[in-house]
Amino acid sequence: MPRILVIEDDETTAREIVAELNARGMLAEWVANGQDGLTRALQRDYDLITLDRMLPGMDGIDVVAELRRSGSDTPVLMISALSDVDERVRGLRAGGDDYLTKPFAPDEMSARAEVLLRRRQPQSAQRLRVADLELDLVSHVAYRAGQPLTLLPTEYRLLEFMMRNSGQVLTRTMIFETVWGFHFDPGTNVIDVHIGRLRRKIDGAGQPALIHTVRGTGYMIVTAHETPLVVS
Amino acid sequence: MKVRSKRWHSTSSRLILIYGALFVVWGAVLMGMIQWETTRYLNTVIDQMLQQRMHYIASTDPTRLAATVDAAAAIDPHGIMSVGLFDKDHQPLAGNIDHLPTSLLRDGQVHLLKHGLPRPDRDAERVRARGLATTLPDGNILVIAKDISTIDGIGAIIRRALLWGISLTIIPGLLGGFLLRRGPERRIRALQKATDPIRRGDLSKRLPISRRGDELDQLAGIVNTMLGEIERLLSEVKGVCDNIAHDLRTPLTRLRARLYRTQQQIGGKPEAALVESCIVDIDEVLSRFRALLRVSELEDRHRAACFDEVDVGQVLRQVHEFYMPVAEDRGQVFDLDIQSPAPARADAHLLFEALANLVGNAIKFTPSGGRVSLRVSMDKRGPRVDVVDSGPGIPADERDAVMRRFYRGDNSRTTGGSGLGLSIVSAIVRLHGYALVIGDGSSNGACLTLYCYPLAPEEKAGTCLSRSVPEVASMTA
């Protein structure tokens, strides 16, 4: 069971984070200030740290910077009320691995946490595999049931991101941020359209669907019998 | 709008002209008075002289009268003071007047000769003259007349003096007036230049005030106070908006979280669909708040945070790729035309966001089967991006309004969206010092042109693609 350290001074937010992570089968511990958080993070081995950007005593940026200086590579999900792009850049430069703006939807937070946890596991594979869907990371070719699929560059990047995080819920924002690299609200249903297009190429007629819609949250690529959540 | 003063409309010009006209009238009246008085005085003197002379000649011995008259005429070869003696039948007896001026009353009073008097020294040219005639006891008629053209000469001198006086004062006066007028005009232009950014929405700017403290400065001071007040009020309104958006986001996010958990718990029951539609609605509200706060965030942001050399064409290509599936789903022709490399100083992320909003809008408002064309080209001053669609277009009177927060044209009321897309675009455009111009497309759609360089307000007219053709041609030639 992954152990998560939650460094957050606002009790309500902290409760939300802890409840959501626990509900996802993670063990979350809460610390209310930066100094204690840093001490705890250095003492024990956590799989993930969620870190508030603005903390009493020691700022979130300082905590993550100190953590990295001490040689820790524990993934850090920064959570901040500061939404400006510059703040995001500062947070990530200081050593954060992802940046989430308050107020956030808990499922968005847990989805990001899960992706960060997954990233920790070694990924030296040259091929990603979900059921009979395969992605060759060297030749950039995807196969479904052994048949090569023609993918546009964007579709390839989208599929790679989804397959690297197979079995995990990916929100539209996460997809947009990772695949396209931008941090704003594209608003319309553009991501849905891209997913729909990819889905038509991958899930052909008669084949079991691999890309699933997670209601109210986003998408997930997974073999049908593994689906743990409400999907359609 | 350019406030260009017409030459004769400036206050100082008008004052100078009025003052000049008064001066001319007053000078003319004054000189006229002088001339009139002088003439009257000289006429009196002449009349007295004539009467004296008449009295003197008439009183000489009647037998020697003709000789006296001839003697008097002899000492006046120029005919300045003519004298003539005529018999009863008006025949000349002596003197240098050939014909008796019959119109002259013989009452011993001086009158103006109706037909003048011929001057013997000037080929008998008739000159103005005053004279008197009297009938002597023997029935002969004695006439004395004096040329008064010299008095008229004085009138001419006075008129010339008036002319000189006026031209020596009025012409330099007018010239000086024009020179003086340039000062205030320059200041008006400076004020106008200072108001341009204010009109474009930068309320932090103020009008310049000189050290003179004159009327213009007082006026500028009043306007500045007013601007300060407007800025304060606007920022209060904006602050209230932002606070509402900000404060409502947290409870709405909590509400969403609860609904989400409920949805997870009830699983596949029929109520789940209802809960999901609630979540979709809340997401919609949250995305509007996010957009609203995004506009404020962009407006508060200061220039040049992450500015770098960016190829606008490259960014537009990404936007095109991003929206391609959407346009294809709607059966729209969606083309991209990159004419040349188009480097500009920009924040690539914000530029993408702005272009994505423009393109997203164009696709949204263009009906299925329509056409959306993107084009990037190089003007002389920098890159420009045209987004042309075959939708309903944006009416000319709504073009300013659509960039304001939450404004939605009549055409767009049935379409989804926050109405904040163009506000975000215009905030980004302002941040970059670029210009966005809304015009007509080649058919009936809209054409939005992003100029990646500053544009003066009067340059913002003009239509879309057609205008760039010669410039592009000159670039590639």
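Use the structure listed above.
What you see is a predicted model; the values in this text were computed from it and never measured. (Residues numbered from 1 in each chain as written. Chains lettered and ligands numbered in written order. Predicted model: local features only at pLDDT ≥ 70, side-chain atom pairs only at ≥ 80, totals over all residues. Heavy atoms only, no water.)

So, a nonpolar patch on the surface
Taken together, Val25, Trp26, Val29, Leu30, Met33 and Ile34 of chain B make up a surface patch of nonpolar side chains, about 580 Å² in accessible area. Position of isoleucine 34 of chain B relative to the elements: it lies in helix 1 (residues 11-58). (Patch = residues over 30% accessible without salt bridge, like charges linked within 9 Å, V, L, I, M, F, W, Y side chains within 5 Å. Areas by Shrake-Rupley, 256 points an atom, 1.4 Å probe, with all protein chains shown as cover. Salt bridge = Lys/Arg side-chain N within 4 Å of Asp/Glu carboxyl O. Helix = DSSP H or I, 4+ residues; strand = E, 2+ residues; numbered from the N terminus.)

Overview of the nonpolar core
Core analysis: the largest hydrophobic core is formed by 94 residues, its most contacted members being Leu159 and Ile175 of chain A together with Tyr323 of chain B. Core analysis: the next-biggest nonpolar cluster, separate from the first, contains 19 residues, Leu50, Met54, Ala72 and Met81 of chain B among them. (Core = buried A, V, L, I, M, F, W, Y, C linked by side-chain atoms within 4.5 Å. Buried < 20%, exposed > 50% of the residue type's maximum accessible area, 1.4 Å probe, protein only.)

Examining the side chain of asparagine 224 of chain B
Looking at the element boundaries, asparagine 224 of chain B is found in helix 4 (residues 215-266). Not counting the four nearest positions on each side in its chain, asparagine 224 of chain B is found in contact with Arg206, Leu207 and Ile209 of chain B. (Contact = heavy atoms within 4.5 Å.)

Section: the interface of chain B and chain A
In this complex, chain B contributes 35 residues to the contact, which on the side of chain A involves 36 residues. Where chain B abuts chain A, roughly 3100 Å² becomes buried across the two surfaces, and 56% of that area is made up of carbon and sulfur atoms. For chain B, the biggest contributors to the area lost against chain A are Tyr260, Phe322 and His349 of chain B; these three give 20% of the whole. The interface formed by chain B and chain A contains five salt bridges. Its salt-bridge partner being arginine 254 of chain B, residue glutamate 16 of chain A comes within 2.7 Å of it at the nearest N-O pair. Applying the counting criterion to the chain B and chain A interface returns nine residue pairs in polar contact (both at pLDDT 80 or more). (Buried area = accessible area lost by both parts, 1.4 Å probe. Polar contact = N/O pair within 3.5 Å; in protein donor to acceptor, adjacent residues only side chain to side chain.)

Details of the packing of helix 5 (residues 106-120) of chain A against helix 7 (residues 172-180) of chain A
Residues and elements named next belong to chain A. Relative to each other, helix 5 and helix 7 sit at 45°, their axes nearing to 10 Å. In terms of axis orientation, helix 5 runs oblique to helix 7. Between helix 5 and helix 7, the residues in contact are Glu108, Ala111, Arg112 and Val115 and Thr173, Met174 and Glu177, respectively. A class-by-class count of the residues in the contact of helix 5 with helix 7 yields three nonpolar, one polar and three charged. (Axes fitted to C-alpha atoms, helices over the stretch in contact; angles between N-to-C directions. Parallel < 35°, antiparallel > 145°, perpendicular 65-115°, else oblique. Nonpolar A, V, L, I, M, F, W, Y, C, P; charged D, E, K, R; others polar.)

Points about the packing of aromatic side chains
Overall, the coordinates contain 11 aromatic pairs over all chains when judged by the stated rule. Taking the centre distance of 6.3 Å and the plane angle of 35° together, the rings of phenylalanine 176 of chain A and phenylalanine 182 of chain A count as tilted. Judged by its relative accessible area of 6%, phenylalanine 182 of chain A falls in the buried class. Here the aromatic rings of phenylalanine 182 of chain A and phenylalanine 352 of chain B are separated by 3.7 Å at their centres, their planes lie at 15°, and the arrangement is stacked. (Phe/Tyr/Trp six-rings, centres within 6.5 Å; stacked < 30°, edge-to-face > 60°.)

Digging into the environment of leucine 149 of chain A
All names here are of chain A. For leucine 149, the location among the structural elements is in strand 9 (residues 147-149). What makes leucine 149 buried here is its relative accessible area of 17%. Placed 15 residues apart in sequence, leucine 149 and glutamate 134 show a C-alpha to C-alpha distance of 9.9 Å. Filtering out sequence-adjacent residues up to four positions away, leucine 149 remains in contact with Leu133, Ala142, Tyr143, Arg144, Lys201 and Ile202.

A short note on the pairing of strand 3 (residues 48-52) of chain A
Residues and elements named next belong to chain A. Where burial is concerned, most of strand 3 is hidden: five out of the five residues are buried. On strand 3, burial covers both faces: Leu48, Thr50 and Asp52 on one face and Ile49 and Leu51 on the other are all buried. Sheet topology places strand 1 (residues 3-7) next to strand 3; four bridges connect them, and they run parallel. Bridge pairing in strand 3 places valine 6 opposite threonine 50. In this sheet, strand 4 (residues 76-80) lies alongside strand 3 in parallel orientation, the contact comprising four bridges. Looking at strand 4, one finds that leucine 51 is bridged to methionine 78. (Pairing = 2+ DSSP bridges.)

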